[in-house]
Amino acid sequence: MTDMMADTLSEYDTPICDTLAETVKKSLRTSDTIGIERCLQCGACTASCPAAKFTDYNPRKIIKRVMENDISVIEDESIWNCFYCYTCHLRCPRNNSPTQVVQVLRQMAINKGIGLDKLEVLFEYGDAFAELGVSKIPDLYVGQMEDDFDMRWHEFKNNLDSVRSELGLGTVGVKDTGRGEIRAILAGIGFFDRQEKLKQMAEAELNTSDEKGGITNETN
Amino acid sequence: MSLSNGQIGVFICHCGGNISDVIDIQSVKQEIELDNISVFDCEYLCSNIGQDLIRKSIDKHSLDKIVIGACTPAKHEKLFRKCIEDVGLNASMLEIANLREQCSWVHPDNLAATNKSISLLIGKIKRVQLALPLTPIQVSINPNAMVIGGGIAGINSALNLANNGIHTYLIEKDVTIGGNTAKIGKIFSPEKLAEECAMCSLSPLMNEIGTHPNITLLTHSEVENVSGSAGDFKVNIRKKPRYVKDNCMACGRCSEVCPVYVENDFNCGVKDKKAISMRFAQSVPQVYSIDSDHCIELTGGECGICRNVCKVDAIDFEQRDENIELDVGAIIVATGFDEYDASKKPQYGYGVFENVVTQMDLARILGVNGPTLGKLARPSDNSVPKNIVMIQCVGSRDEDTSGNRYCSRYCCMAALKHASLIAKKYPDTNVTICYIDIRAFGLYENYYRAVQDMGISFVRGRPAEVVQKANHSLVVKVEDTLTQELKEMPADMVVLSSAMEASSGTKQIANILNVTLNEDGFVKEKHSKLKPVDTSRDGIFVCGTAQSPKDVTDTIAQSGLAAARTSVFISDNEIRLDPQIAQIDHSLCNNCDECFKCPFGGISKDVSGKVSINPLVCNGCGYCAKLCSKSAISIAGYKEEQIIAEIDGVIEKGDVLVFLSRGIPYATADNIGNSVAQYPANVKIVQVPTTTIATKAMIEHAFKHGSRAVLMVEEPTDNPIGAFIYPLAFENFKDLKNELGETGAKLHFKKAYIPHYRGLAEIFTSLAQMEDGK
Amino acid sequence: MKQIENIPDRGILLFKSCLVSVEYPGIESSTTYAFDKLDVDYLVSDEQSCCTGLGYYFDLFDQMSTTAVAARNFAVAKKNGYTNITTMCSTCYAINKETCALLNSNEEVRSNVNTVFENAELDDLTYKQNSLDEVDNFYHVVEILLSKTQHIGKLNTIDFSDVHVATHHACHYYKVQYDDMIGNPNHPLLIDTIAKSCGADVVEWYEDKTLTCGAGFSQRHINRKMSLEVTHAKLESLKNAGVELVIHMCPNCQIQYDRYQPVIEKEFGTKYDLVHMNIAQFVALALGADPVKVCGFQTHSVPLDEFLDRIGISV
């Protein structure tokens with residue numbers, strides 16, 4: 001954790017409230033009618049959850065911890081397992097939505113500098129979006145795909161422009177004037193400020209762990 | 001305020017804190033007290049002490065007009081009117097400000113609620129000064145009663161009435177009485193651990209209905225129309241042909257020779273029934289009937305074999321619909337429930353996987369007169385299932401639009417009953433019940449304990465899905481929330497405990513009778529504790545599952561009460577009707593006859609040729625008043641100057657004025673309060689018979705006082721009054737909008753539905769917060 | 001619930017998708033091909049940006065940034081008079097729809113976004129309350145095609161009668177705003193209905209029909225093992241259902257099925273006789289489109305040549 005640790009980097013995603021449940025309810029990432037306090041602990045979410053099937057992630061327990069105001073839930077590594085597939089959201093008989101709750105919890109974790117390792121690789125995404133107006137899969141992920149996929153894919157990727165033009169499609173990206181607009185909008189809404197803070201936090205985190213590493217060496 | 005004529009008494013009820021916890025009663029009193037206005041407050045105004053206070057104060061302070069600030073007039077208006085009448089005031093000298101449902105329960109901000117309550121009371125004070133005495137309308141009560149629905153609720157209430165000497169018509173749409181109770185085989189009992197034979201209890205009662213001298217049973221019959229008013233209802237019944245005359249001896253020869261098999265909806269749709277048949281052996285009346293959709297003769301073919309074998313010549317292919325007219329004083333609605341359609345939850349596979357059934361299907365399977373003659377067998381191959389998994393709360397306790405929010409109240413016990421029956425007869429079959437909470441309330445806990453002792457398994461969790469594997473075997477995916485294990489439970493048969501829903505017949509009858517339904521589609525009782533079987537309309541009562549989900553035991557208890565309430569009502573001999581109906585000023589009438597278009601047939605010419613309004617038919621909707629170009633017709637108690645006086649008192653700068661029709665829209669607004677929803681306190685409601693009576697002068701008065709917007713909320717079109725009134729009210733709204741010119745943009749129009757009270761609260765909120773009221 | 005009769009075929013802004021553009025461009029060319037054949041009035045605008053959905057569900061984008069970008073795209077739709085925003089990707093669908101609802105219902109959000117526009121001298125982007133309706137102005141291509149099933153059935157040139165088809169409906173189409181899809185969200189049948197209209201033999205219900213494809217946004221990358229386990233489970237269910245062709249409606253699902261099927265075959269030591277395509281590619285094919293020049297099947301990882309050959313289409 002660092003000095004730059006902010007209480008919230010977005011008052012709309014993670015408003016500062018007295019309880020976790022309040023923050024979750026007030027966040028714009030959750031529905032207005034979310035039934036968090038009405039949870040029956042019936043387990044329909046967990047029984048329907050693909051992540052619960054293969055890992056120790058349990059959406060029912062996540063909700064219980066939020067109801068009990070157990071802030072340590074944001075440090076629980078399992079919240080990063082949710083697929084955002086919204087099956088729990090669909091199946092909940094109480095209009096609750098563990099998947100939306102987890103989105104808020106992850107944002108709260110990020111505010112505290114948790115999970116920045118996962119976010120770090122994505123920073124280029126924001127910059128690319130501002131530039132071209134299109135989403136870009138981060139290089140690290142692309143690298144993973146390059147390793148996974150066979151020649152068919154590599155060939156297609158290498159010839160993307162010509163394949164697109166054969167299909168009668170133009171170049172990818174927003175036309176020039178639009179790009180300036182998107183950058184201005186993202187700047188105005190505070191996207192870059194937030195991303196800058198996250199970058200600094202991630203960097204500081206890196207330094208701290210280096211320092212720690214140094215200390216460990218000494219004691220050894 | 002310039003308040004001169006007469007002494008006015010204002011009584012404010014604390015409602016045991018319901019009002020006084022939010023509204024500062026003392027500052028309200030200070031604010032409205034004047035020389036000619038005396039203000040009183042009381043913990044419970046509806047109590048004897050409260051009514052005594054009203055009566056004594058009228059006497060002591062020579063009050064001649066009364067304003068009450070309390071709960072919604074829908075609750076205690078009659079009580080308070082009678083109270084002031086007791087001490088010699090005309091019942092019309094009373095106005096009630098709704099300080100609970102439309103103030104303290106919807107505005108948590110104490111100051112805002114207090115200020116609003118002051119304005120509501122001042123509005124009523126101004127209005128009551130223009131009150132005119134009205135003569136009550138007396139009607140003598142017809143001594144006959146009608147019960148709609150021949151299930152256990154209808155049967156029991158009809159027998160109670162008949163035994164009390166009241167001639168009762170029992171109307172049943174099916175060809176036999178018996179209803180769902182006839183299907184369920186065994187009934188669970190709170191005090192015994194044994195299950196009783198449903199038919200053994202039901203059949204004697206059914207027979208008694210068939211032979212009781214005070215009961216006229218009309219089966220295969222439906223109520224088509226009801227007119228008139230409490231104490232004097234006129235009912236039109238359509239009796240459908242059964243193509244078998246009443247002299248049928250029920251020998252069964254016809255059915256034996258009939259070549260057509262049809263789906264038997266009494267037995268889960270199994271094709272084991274003939275086109276001429278009796279529903280079940282104990283049917284009442286013991287008369288066969290022909291399924292006209294499948295009979296060869298009736299579908300244009302040539303057959304007639306049944307006619308040839310009938311020894312008493314009872315088959316009559318010429319039978320047609322019969323229209324029957326009845327006059328009754330009171331009506332009991334006992335139209336029962338429908339089982340929730342479990343195929344709305346496709347994740348459980350009902351209707352797709354053969355071996356997924358509902359508890360009602362299982363009841364039939366276990367019934368000795370069922371499709372398997374009582375043998376436990378799964379539908380796909382008639383084998384005895386080794387593993388049965390039951391899933392509770394299918395369509396109950398479910399906020400999804402395809403489910404119901406309420407608990408269906410009987411399904412936990414039904415599941416326990418079936419588990420117990422199976423455990424006793426098939427010890428090798430394992431039953432597991434997946435539940436969220438087992439609701440074995442009261443003495444039923446004994447039964448639950450006994451079933452636990454039998455070794456039935458319980459898994460606490462709501463299953464996600466049912467999956468079908470090879471050989472029609474099933475797997476139920478569930479989290480056992482107590483052990484936090486994800487389980488995939490194998491099952492040979494899955495039983496869904498499907499919710500109990502208001503029947504389609506209940507909705508249909510409620511519409512015909514114009515009684516209010518609650519947001520779940522059940523008939524709403526007038527007061528959940530004090531008047532649990534009275535409906536929103538006098539002289540119409542409700543019982544059984546038409547009112548809310550319940551088991552047989554509770555149904556019988558409640559149907560007895562409905563009969564008792566009906567007996568009391570009928571034995572009054574005379575009833576007084578609401579005098580707030582249309583009245584005509586003959587000096588203005590030019591005999592244009594426009595008002596004869598009254599959709600309820602309430603206006604005609606009397607012997608002298610003058611336009612006359614039938615007080616027994618008129619519901620005061622204002623339809624005629626709107627059509628009258630000479631303004632000769634008005635609704636008693638709702639004259640233009642009276643409404644303007646109320647607006648004058650109520651509206652302050654920035655307020656939203658809402659005209660609410662007094663039927664469904666007013667009840668919907670009350671529901672916002674009942675449901676602890678909210679809207680801003682600058683929304684002020686004025687009740688009207690319907691919005692057709694709203695005039696330009698009223699609306700201009702509101703805008704003159706700084707109103708930011710005016711909203712008119714009308715009856716929905718699927719209600720008997722709304723069906724006629726809504727188009728006229730909408731026309732009135734458009735005319736007013738035009739007449740108002742630019743300010744017309746601040747006039748709004750909506751219709752209300754009881755279940756959509758949140759929608760109404762949202763409309764209130766958005767108008768209250770809108771910048772320019774547009 | 002949306003009603004088929006109310007699905008428009010005029011004023012459609014065909015909303016470009018990032019993953020369609022760079023992974024399966026054939027979905028876009030197939031959609032426009034089908035729309036042309038089915039007389040759908042649509043526009044593709046190069047002023048429209050991505051929806052930020054990937055960034056949002058990667059937990060990188062905050063709600064306000066996503067909302068502001070969406071509002072700009074809504075202005076593009078309105079400026080061009082093509083206000084029925086219709087997406088090829090289910091996440092574009094969910095993001096646009098939810099953002100519109102937020103802009104309509106939350107005055108603070110609306111005014112924040114509009115202030116940003118104003119300060120950037122982009123006043124023409126201003127979003128006025130209810131200028132788009134979150135229900136009536138947002139569609140997925142599959143809905144437009146569903147409203148044209150009769151027409152598609154009539155124009156179909158291919159005999160699909162012995163093709164065993166199963167469908168995968170995209171989670172973000174029918175689970176996010178589940179009250180507002182066509183049919184029952186616990187058993188979506190939109191693609192099934194379209195495939196049936198072309199005579200295909202459709203397995204309507206199979207185990208795990210509503211299970212996610214396994215992509216899970218960041219899960220594919222940060223929890224690769226779990227992601228592949230889910231996809232493996234899904235492919236096993238499809239295999240058990242005896243399916244040959246899986247039709248889906250979202251490029252992200254398509255990556256997961258088509259690109260990762262060979263990966264799963266390798267890592268789980270199994271083999272699948274399953275081919276994949278998007279519903280727009282299926283419809284275009286039925287309407288006579290060239291499998292390479294229109295459907296772009298050459299961009300797929302699981303080759304379709306054998307399958308196409310079997311149903312009488314030469315590549």
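See the structure printed just above.
Residues numbered from 1 in each chain as written. Chains lettered and ligands numbered in written order. Predicted model: local features only at pLDDT ≥ 70, side-chain atom pairs only at ≥ 80, totals over all residues. Heavy atoms only, no water.

Caption draft 1: Representation of the overall build of chain A in the model. Of regular secondary structure, chain A possesses 13 helices and zero strands. Overall, chain A shows an N-to-C arrangement of helices and strands of α-α-α-α-α-α-α-α-α-α-α-α-α. Within chain A, the proportion of its 220 residues that are buried is 54%. Sequence-distant contacts, at least 24 apart, represent 63% of the contacts inside chain A between residues at least 6 apart. Here chain A has roughly 9600 Å² of accessible surface; of this, 48% comes from carbon and sulfur atoms. Mean positive and mean negative side-chain charge positions of chain A (25 and 36 charges, respectively) differ by 9 Å. (Helix = DSSP H or I, 4+ residues; strand = E, 2+ residues; numbered from the N terminus. Buried < 20%, exposed > 50% of the residue type's maximum accessible area, 1.4 Å probe, protein only. Contact = heavy atoms within 4.5 Å. Areas by Shrake-Rupley, 256 points an atom, 1.4 Å probe, with all protein chains shown as cover. Lys, Arg positive; Asp, Glu negative; His and termini not counted. Charge placed at Lys NZ, Arg CZ, Asp CG, Glu CD.)

Caption draft 2: Local environment of the sheet that holds strand β10 (residues 215-218) of chain B. Residue and element names in this part refer to chain B. Strands sit in the order β10-β7-β6-β18-β29 across an open sheet of five strands; the sheet is parallel. Of all the strands in the sheet, the pair left with one neighbour each is β10 and β29 (540-542). Taken pair by pair, the neighbouring strands of this sheet meet at an average axis angle of 20 degrees, ignoring direction. In this structure, strand β18 (residues 330-333) lies alongside β29, joined through three bridges in parallel fashion. What sits directly across from I332, in β29, is F541. Across the sheet, helix α13 (residues 504-513) is in contact with β6 (145-148), β18 and β29; its angle to β18 comes to roughly 155 degrees. (Pairing = 2+ DSSP bridges. Axes fitted to C-alpha atoms, helices over the stretch in contact; angles between N-to-C directions.)

Caption draft 3: Just the nonpolar core, in detail. By size, the foremost hydrophobic cluster in this structure holds 183 residues, and its most contacted members are A:L105, C:L145, C:I279 and C:F282. Per-element accounting of this core gives the leading share, eight residues, to helix α4 (residues 63-79) of chain C. Sequence-distant contacts of C:I279, defined by excluding residues within four places in its chain, comprise C:V142, C:L145, C:I191, C:I194, C:I247, C:H248 and C:M249. In this structure, B:I58, B:F280, B:I651 and B:F733 belong to the second largest nonpolar core, which totals 148 residues. (Core = buried A, V, L, I, M, F, W, Y, C linked by side-chain atoms within 4.5 Å.)

Caption draft 4: How the structure looks around the interface of chain C and chain A. Contacts between chain C and chain A engage 83 residues on the former and 68 residues on the latter. With both sides pooled, the region where chain C packs onto chain A buries about 6700 Å², and carbon together with sulfur makes up 62% of that total. The largest per-residue losses of area from chain C upon contact with chain A belong to C:D59, C:L60 and C:H221, which jointly make up 11% of the total buried on that side. Our enumeration of links across chain C and chain A arrives at five salt bridges. For the salt bridge of C:R224 with A:D148, the shortest nitrogen-to-oxygen distance reads 2.7 Å. Here chain C and chain A share 30 residue pairs in polar contact (both at pLDDT 80 or more) between them. A breakdown of the residues in the side of chain C that touches chain A according to their chemical character gives 40 nonpolar, 27 polar and 16 charged. (Buried area = accessible area lost by both parts, 1.4 Å probe. Salt bridge = Lys/Arg side-chain N within 4 Å of Asp/Glu carboxyl O. Polar contact = N/O pair within 3.5 Å; in protein donor to acceptor, adjacent residues only side chain to side chain. Nonpolar A, V, L, I, M, F, W, Y, C, P; charged D, E, K, R; others polar.)

Caption draft 5: Representation of the side chain of B:S634 in the model. Its location among the elements puts B:S634 in strand β34 (residues 633-635). If we skip the residues at most four places from it in the chain, B:S634 touches B:I581, B:A582, B:Q583, B:A625 and B:K639.

Caption draft 6: Representation of the sheet that holds strand β27 (residues 493-498) of chain B within the structure. Residue and element names in this part refer to chain B. Sheet architecture is open: five strands sit in the order β20-β27-β21-β22-β23, paired in parallel fashion. Unpaired on one side and paired on the other, β20 (356-358) and β23 (457-460) mark the two borders of the sheet. On average, each strand axis in the sheet is inclined to that of its neighbour by 25 degrees, with strand direction left out of account. By the bridge criterion, three bridges tie β20 to β27 in an arrangement that is parallel. From the neighbouring strand, T358 faces β27, where its bridge partner is L496. Against the sheet, helix α10 (residues 359-366) makes contact with β20, β21 (387-394) and β27, and its axis sits at roughly 90 degrees relative to β20, the strand it touches most.

Caption draft 7: Up close: the packing of aromatic side chains. Per the counting criterion, the structure on display carries 34 aromatic pairs over all chains. Relative to C:Y57, the ring of A:Y84 has its centre 5.5 Å away and its plane inclined at 55 degrees; by these criteria the two rings are tilted. Of the two residues, A:Y84 sits in the loop between α4 (59-67) and α5 (87-91) while C:Y57 sits in helix α3 (residues 53-57), which places them in two different chains. Residue A:Y84 is classed as buried on the basis of its relative accessible area of 1%. The class of C:Y57 is buried, set by a relative accessible area of 1%. Ring centres 6.3 Å apart and planes at 90 degrees place the aromatic pair A:Y86 and C:Y57 in the edge-to-face group. Taken as a pair, A:Y86 in the loop between α4 and α5 and C:Y57 in helix α3 lie in two separate chains rather than in one. In terms of burial, A:Y86 and C:Y57 fall into one category: buried. Linked through ring pairs, A:Y125, A:F129, A:Y141, A:F191, A:F192, C:F58 and C:F61 together constitute an aromatic cluster. Sitting above the plane of the C:Y56 ring, A:R29 keeps its charged end 3.9 Å from the centroid. (Phe/Tyr/Trp six-rings, centres within 6.5 Å; stacked < 30°, edge-to-face > 60°. Lys NZ or Arg CZ within 6 Å of the ring centre and 35° of its normal.)

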